[in-house]
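# What the coordinates show
Listed below, chain by chain, are the residues.
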Amino acid sequence: LIVHLNGEFLPLPAARISPLDRGFVFADGVYEVIPAYGGRLLRLQEHLQRLDNSLSGIRMDNPLPHHAWQEMLMELLRRNGNGDQSVYLQVTRGPAFPREHAFPAHPRPTVFAMCTPIRESDPALREAGVPVISHPDIRWDRCDLKTVSLLPAVLMKQLAKDRGAFETLLIRQGLVLEGAASNVFAVLDGVLTTPPKGPFLLPGITRDLVLELAAEHGFPAQERDIPLERLLSADEVWITSSTRAIVPVTRVDEQSIASGRPGPVFAQFHDWYQARLAALRTG
Ligand code: PLP
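Worth saying up front: this structure is predicted, and the values here are computed from it rather than measured.

### Some details on the sheet that holds strand β5 (residues 85–92)
Spatial strand order, β2-β1-β6-β5-β3-β4: six strands in an open sheet with antiparallel pairing. Bordering the open sheet on either side are β2 (8–11) and β4 (40–41), each of which pairs with just one other strand. As judged from the eight bridges shared by β5 and strand β6 (residues 110–117), these two strands associate in the antiparallel manner. If you follow Gln85 over to β6, its bridge partner there is Pro117.

Written as structure tokens, this is what we have:
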């Protein structure tokens, strides 16, 4: 496994970060996860734009221009054999001494990137769907920033696992915002529905792609608040993320969604999404 650290490509064991790195000490950093198919990055510009938003949200400059990110990530993929891989990249405010919350006068950001093979989308999961649970959202009010302060998401994912579920849907004031590491969609009276962007959810790149597919194929879609009560009576519920694409949800808190089987709208969007990936692979 070859990783990128601060301008160098290194075998993972040779990549070293200071214990004083503010990413380690304060979780003072941001990240992105970008899927690549056949060595080609999906929606790179959108991911880099979101990286800029996350960085400006924590008052950091992007240490690299977009073209340098693109070159570096493509080289990283190449050195790891291309194919279907997801790229993880992280930027922190870097090492600083003494330990002090306020920013160092002259930060030296840490830039790290690695890739891992993408699991084939699991047909069993697609055919059976997955159970999820709901839980009050215990995060902060800048969930639109993709920061490495992920402890609430870690706890929410573990809670799902403890209960035999796949994901935890996060609830604020009775509304379903998103999953711990995914966005949420519901088919409500035939209309594909997802909560509007705002400070309480991450603007998912997959979410936007699904809305784009709906527009392209003339499928009715809306961005609208979804009360948990309404979600439970939906025709279909899905979660989306870069690494898992679209996953049908068939149970929420032990309650079946509709027939308890993945629905026809899911099957349609799954095909449209896979067609996009196939087109990307072949260029
Ligand atoms: N919401 C949260 C909190 C996430 O962590 C993620 C990604 O992991 C998503 C939504 C989905 O975003 P994307 O489609 O860009 O992967």
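After that view, the rundown keeps rolling.
### Remarks on the site of the ligand
Taken together, 13 residues surround the ligand, and among them Leu202, Gly204, Ile205, Thr206 and Ser242 come closest. Elements represented by at least two residues in the shell around the ligand include exactly α6 (205–216) and β13 (236–241). For the shell around the ligand, the element with the highest residue contribution is α6, accounting for three residues. Partitioned by chemical class, the residues of the shell around the ligand number four nonpolar, seven polar and two charged.

### Considering the pairing of strand β8 (residues 167–172)
Pairing analysis gives five bridges linking strand β7 (residues 130–136) to β8, with the strands arranged parallel. Across the sheet, the residue bridging to His135 is Leu170, located in β8. The handedness of the β7 to β8 crossover, carried by helix α5 (residues 151–162), is right-handed. Pairing analysis gives four bridges linking β8 to strand β9 (residues 175–179), with the strands arranged antiparallel. By the bridge assignment, Leu169 is partnered in β9 with Gly179. Remark: two residues form the turn of the hairpin made by β8 and β9, two consecutive strands paired antiparallel; Gln173 in that turn has positive phi of roughly 50°.

### Looking at the nonpolar core
Of all hydrophobic cores here, the largest spans 40 residues; its most connected members are Val132, Val237, Trp238 and Val249. Setting aside anything within four residues of it in sequence, one finds Trp238 in contact with Phe185, Ile246, Val247, Pro248, Val249 and Phe266.

### Examining the environment of Arg108
With respect to the helices and strands, Arg108 occurs in the loop between β5 and β6. C-beta crowding within 10 Å serves as the criterion here: with 14 such atoms nearby, Arg108 is assigned to the partly exposed category. Taking the C-alpha atoms as reference points, Arg108 and Thr92, 16 residues apart in sequence, are found 8.8 Å from one another. Other than its neighbours up to four places away in sequence, Arg108 contacts Gly94 and Pro95.

### A look at α5
Counted at 1.5 Å a residue, the expected span for α5 with its 12 residues is 16 Å, and the 16 Å between its end C-alpha atoms agrees. Following α5 by one or two positions, Gly164 adopts a phi angle in the positive range, close to 70°.

### A look at helix α2 (residues 44–57)
Side chains of residues three or four places apart in an α-helix project in the same direction, reflecting 3.6 residues per turn. The first and last C-alpha atoms of α2 sit 20 Å apart over 14 residues, in line with the 20 Å expected at 1.5 Å per residue. For α2, every residue scored as buried is listed here: His47, Leu48, Arg50, Leu51 and Ser54. The buried residues of α2 occupy an angular sector of 160° when the element is viewed end-on, so they sit on one face. On the buried face of α2, the contacting elements are β3 (29–37), α3 (66–79) and α6.

Cut-offs used in this document
- Residues numbered from 1 in each chain as written.
- Predicted model: local features only at pLDDT ≥ 70, side-chain atom pairs only at ≥ 80, totals over all residues.
- Pairing = 2+ DSSP bridges.
- Helix = DSSP H or I, 4+ residues; strand = E, 2+ residues; numbered from the N terminus.
- Near = placed C-beta within 6 Å.
- Nonpolar A, V, L, I, M, F, W, Y, C, P; charged D, E, K, R; others polar.
- Right-handed = clockwise from strand over helix to strand, strands pointing away.
- Core = buried A, V, L, I, M, F, W, Y, C linked by C-beta atoms within 7 Å.
- Buried ≥ 20, exposed ≤ 12 C-beta atoms within 10 Å, placed from the backbone.
- Contact = placed C-beta atoms within 7 Å.
- Expected span 1.5 Å × (residues − 1).
- Arc of directions from axis to C-beta.

Don't take any of this as a statement about function, it's just geometry.
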